[in-house]
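Take a look at the letters that make up each chain.
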Amino acid sequence: QVQLVESGGGLVQPGGSLRLSCAASRSISSFYVMGWYRQAPGKQRDLVTTITSGGGTSYVDSVKGRFTITRDNAKNTVYLQMNSLKPEDTAVYYCYGNGPPLHKDYWGQGTQVTVSS
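Residues numbered from 1 in each chain as written. Predicted model: local features only at pLDDT ≥ 70, side-chain atom pairs only at ≥ 80, totals over all residues. Heavy atoms only, no water.

Chemist: Residues and numbers for the state of the cysteines, please.
Modeler: Simply put, the disulfide is a covalent bond whose two ends are the sulfur atoms of two cysteines. For the structure shown, the criterion picks out one disulfide. For Cys22, the disulfide goes to Cys95, at an S-S distance of 2.0 Å. One disulfide, between Cys22 and Cys95, carries an S-S torsion of -80° and so falls in the left-handed class. Of the two residues, Cys22 is situated in strand 3 (residues 18-24) and Cys95 in strand 9 (residues 91-99); the sequence distance between them amounts to 73 residues. Taken individually, Cys22 and Cys95 each receive the classification buried, so the pair is uniform in this respect. (Disulfide = S-S within 2.5 Å. Helix = DSSP H or I, 4+ residues; strand = E, 2+ residues; numbered from the N terminus. Buried < 20%, exposed > 50% of the residue type's maximum accessible area, 1.4 Å probe, protein only.)

Next up, the structure:
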């Protein structure tokens, strides 16, 4: 059973920074793509950013220039560096991975990020 475990969430003031981590229970090189989704209260879960096995990245427009996704294959961990945080970034952030077998989706349990003064 593959597990993705997020950490690093918390309360931060507007303009502040947080770094989320997603530790996988197996080699992240085996995943075709990994990424982060977020879900604000009363809203659907939306894609924030992805990183492919080849290192290609994509971002939703609202976080471009502020968020950066990286991966450390040696530590089997994906990171999300979040800078210049805004109140509208408040959400539960979920780590996501798609990989074998048969392009299965894997999810973490989520970590709360709250941006408030």
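Moving on from the coordinates now.
Chemist: Please provide a residue-by-residue account of unusual backbone geometry, values included.
Modeler: The step from Pro100 to Pro101 runs through a cis peptide bond, and the omega angle for that step is 0°. Locating Pro101 in the fold gives a position in the loop between strand 9 and strand 10 (104-107). One non-glycine residue, Asn76, lies in positive phi territory at about 50°. Positive phi outside glycine occurs at Leu102, with the angle close to 60°.

Chemist: Go over the sheet that holds strand 3 with me, naming the residues and quoting the values.
Modeler: Backbone-to-backbone hydrogen bonds pair the strands of a sheet. The strands run either parallel or antiparallel. The strand order across the open sheet built from four strands is 1-3-8-7, with neighbouring strands paired in antiparallel fashion. Looking at the sheet topology across the chains shown, the edges are occupied by strand 1 (4-7) and strand 7 (67-72). Taken over all neighbouring pairs, the strand axes of this sheet differ in orientation by 15° on average, direction set aside. Note that strand 7 and strand 8 (residues 77-82) share six bridges and pair antiparallel. What sits directly across from Arg71, in strand 8, is Val78. (Pairing = 2+ DSSP bridges. Axes fitted to C-alpha atoms, helices over the stretch in contact; angles between N-to-C directions.)

Geometric values such as these leave the question of function open.
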